2 protein chains.
Amino acid sequence: MTNRPYHHGDLPAALLARAEKTLRERGVSALSLRELAREIGVSPAAPSRHFKSKQALLDALALTGLERLAEAIAASQEGVGEAFADRLDAAARAYVGFAVANAALLDLMFSVKHSPQASEALGATAHQWSDQLLELIGDGQRRGEVRVGPLERIALPVFAALHGYAALAVSGVLPPEAAEHGLDDLIASVLRGCAPQ
Amino acid sequence: MTNRPYHHGDLPAALLARAEKTLRERGVSALSLRELAREIGVSPAAPSRHFKSKQALLDALALTGLERLAEAIAASQEGVGEAFADRLDAAARAYVGFAVANAALLDLMFSVKHSPQASEALGATAHQWSDQLLELIGDGQRRGEVRVGPLERIALPVFAALHGYAALAVSGVLPPEAAEHGLDDLIASVLRGCAPQ
DNA sequence: CTACATTGTGATCGGTGTATACATTGAGGT
DNA sequence: ACCTCAATGTATACACCGATCACAATGTAG
């Protein structure tokens, strides 16, 4: 009947791709393993071969999201000046941009419900990109454009402000067109917050 | 058989109370209308008389959460000095304290999935407490302890920092004991961000 | 070519949200 | 006091979901 071979070829990738699509279009609550299998044209039990539970799929999705976020932040630093303000500006826009473009995914990434060993992998990937921010701030310190002090203690407020702003934008609390304008104010405020003296 | 009368008396309140209990203990994903009804000792369809859908119950839950948050912020201002730094400090601790004490509920409050008319009521209640922050900052401006400028544009970075810090604490990204220590740094940073000059 | 691990199938189980028709109750108007 | 009638709770049913199991088809290594 079907011309599809018995084996799909790369079912895990197909599942992740389709899952992210419906995640983006209809939110996490509309994500169903059975529906995914249906759309891909595979039996309802097939996904369980690759993701032992629905939560495992969500964890994998969050992981890819973290990886892409890290890439986006890294890419934002290409071709930008060395001044701390410029680099922070670029990173902030990349972060918030990713957040509004992947709202539901961001929720997933910072969700509380990861299994213990999943959070381990997630934590590792999270470090992979939070380290970028730490390095950015460390550079700023060496250039004398950021106040001296323990790196983490200076970075935490910066990270909180970015994350909070992204969360507000994502949850629709601030109107989407105000997001861009408000970001200028946020960055300026953060810069004042970690300026020397 | 049962000594419980046919009518419960105040089923909506019982549902909300029980829902918040399991929300706190086992998270939003473990919240089931049928289980709630079972625990209260009522038929599976009974909740639908008071909450037309599960989402409606969640919205109501989020609403009570916002109200309590507003109360907590207001209470934090009692018996605190008039200096802007002191008042912001108190409000920030109240906010973050509420967040870590009601993690799952906070997720619900700022979730993206509210029905259009529900977001209306939620937005109204949200204003009820964000106005407190605006007033706090406005007072600071009048006292010359906060930079001049449009109120919302100064408040947004403050709000973003608080919200982001609460979100980080809630999602377990920063270790719970570091939450208190880090809060000092956050408040100091925010104060520098909106200081005059 | 043959064992064997991998991957997909089909059926089944308990659980869930929602809708509908029906039963019980209490409150307001006469 | 009675009688309506809206409000509230019940019983049942439906479709869907996640998870698990035995089994079938397929690729692969020896």
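Look up a bit, the structure's there.
Residues numbered from 1 in each chain as written. Chains lettered and ligands numbered in written order. Predicted model: local features only at pLDDT ≥ 70, side-chain atom pairs only at ≥ 80, totals over all residues. Heavy atoms only, no water.

1. Some words on the overall build of chain A
Thought 1: Check the secondary structure of chain A and you find 8 helices and 0 strands.
Thought 2: Helices (α) and strands (β) of chain A occur, in sequence order from the N terminus, as α-α-α-α-α-α-α-α.
Thought 3: The principal-axis extent of the C-alpha atoms belonging to chain A is close to 70 × 35 × 30 Å.
Thought 4: By residue count, 44% of the 197 residues in chain A fall in the buried class.
Thought 5: Long-range contacts, defined as pairs at least 24 residues apart, comprise 65% of the intrachain contacts of chain A with a sequence gap of at least 6.
Thought 6: Taken as two groups, the 19 positive and 23 negative side-chain charges of chain A have centres that lie 9 Å from each other. (Helix = DSSP H or I, 4+ residues; strand = E, 2+ residues; numbered from the N terminus. Buried < 20%, exposed > 50% of the residue type's maximum accessible area, 1.4 Å probe, protein only. Contact = heavy atoms within 4.5 Å. Lys, Arg positive; Asp, Glu negative; His and termini not counted. Charge placed at Lys NZ, Arg CZ, Asp CG, Glu CD.)

2. Things to note about the nonpolar core
Thought 1: Membership of the largest hydrophobic core comes to 120 residues, with the highest contact counts inside it found for Trp 129 and Tyr 165 of chain A together with Leu 61, Trp 129 and Tyr 165 of chain B.
Thought 2: When sequence neighbours within four positions are dropped, the list of residues in contact with Tyr 165 of chain A reads Val 96, Leu 174, Ala 178, Ala 179, Glu 180, Gly 182, Leu 183 and Leu 186 of chain A together with Leu 156 and Ala 160 of chain B. (Core = buried A, V, L, I, M, F, W, Y, C linked by side-chain atoms within 4.5 Å.)

3. As for the interface of chain A and chain B
Thought 1: Taken together, the contact between chain A and chain B spans 29 residues of the former and 29 residues of the latter.
Thought 2: When the two sides are added together, the surface that chain A and chain B hide from each other amounts to roughly 2500 Å², 64% of it contributed by carbon and sulfur.
Thought 3: Contact with chain B buries surface across chain A, with Arg 153, Leu 168 and Arg 192 of chain A losing the most and accounting together for 20% of the total.
Thought 4: Taken together, the connections running from chain A to chain B amount to 2 salt bridges. (Buried area = accessible area lost by both parts, 1.4 Å probe. Salt bridge = Lys/Arg side-chain N within 4 Å of Asp/Glu carboxyl O.)

4. A short note on the packing of aromatic side chains
Residue and element names in this part refer to chain A.
Thought 1: Inspection of every chain in the model, using the stated rule, returns 6 aromatic pairs over all chains.
Thought 2: Relative to Trp 129, the ring of Tyr 95 has its centre 5.4 Å away and its plane inclined at 40°; by these criteria the two rings are tilted. Highlighted residues: Tyr 95 in helix 4 (residues 84-101) and Trp 129 in helix 6 (residues 116-142), separated in sequence by 34 residues.
Thought 3: Assessed through its relative accessible area of 1%, Tyr 95 is described here as buried.
Thought 4: Between Tyr 95 and Phe 159 the ring centres are 6.5 Å apart and the planes differ by 15°, which places this aromatic pair in the stacked class. Of this pair, Tyr 95 sits in helix 4 while Phe 159 sits in helix 7 (residues 151-170); the two residues are 64 residues apart in sequence, bridging distant segments of the chain.
Thought 5: Among the aromatic side chains, those forming a connected cluster through ring pairs are Tyr 95, Trp 129 and Phe 159. (Phe/Tyr/Trp six-rings, centres within 6.5 Å; stacked < 30°, edge-to-face > 60°.)

5. Focus: the pattern of salt bridges
Thought 1: Counted according to the given criterion, the structure contains 24 salt bridges over all chains.
Thought 2: For the salt bridge of Arg 153 of chain A with Asp 185 of chain B, the shortest nitrogen-to-oxygen distance reads 2.8 Å. With Arg 153 of chain A in helix 7 and Asp 185 of chain B in helix 8 (residues 176-193), the pair connects residues from two separate chains.
Thought 3: Its relative accessible area of 14% is what places Asp 185 of chain B among the buried residues.
Thought 4: Across the pair Glu 82 of chain B and Arg 143 of chain B runs a salt bridge, and its minimum N-O distance is 3.4 Å. With Glu 82 of chain B in the loop between helix 3 (54-76) and helix 4 (84-101) and Arg 143 of chain B in the loop between helix 6 (116-142) and helix 7 (151-170), this residue pair connects regions lying 61 residues apart in the sequence.
Thought 5: Connected through salt bridges with shared partners, the residues Asp 89, Arg 93, Glu 180 and Asp 184 of chain A form a single ionic network.

6. Section: the environment of Val 148 of chain B
All names here are of chain B.
Thought 1: With respect to the helices, strands and loops of the structure, Val 148 is situated in the loop between helix 6 and helix 7.
Thought 2: The exposure class assigned to Val 148 is exposed, which follows from its relative accessible area of 73%.
Thought 3: For Val 148 and Ala 94, which are 54 residues apart along the polypeptide, the C-alpha to C-alpha distance reads 26 Å.
Thought 4: If near-sequence neighbours (up to four positions away) are discounted, Val 148 is found in contact with Gln 141 and Ile 154.

Honestly, that's just the spatial picture; any functional story needs more than this.
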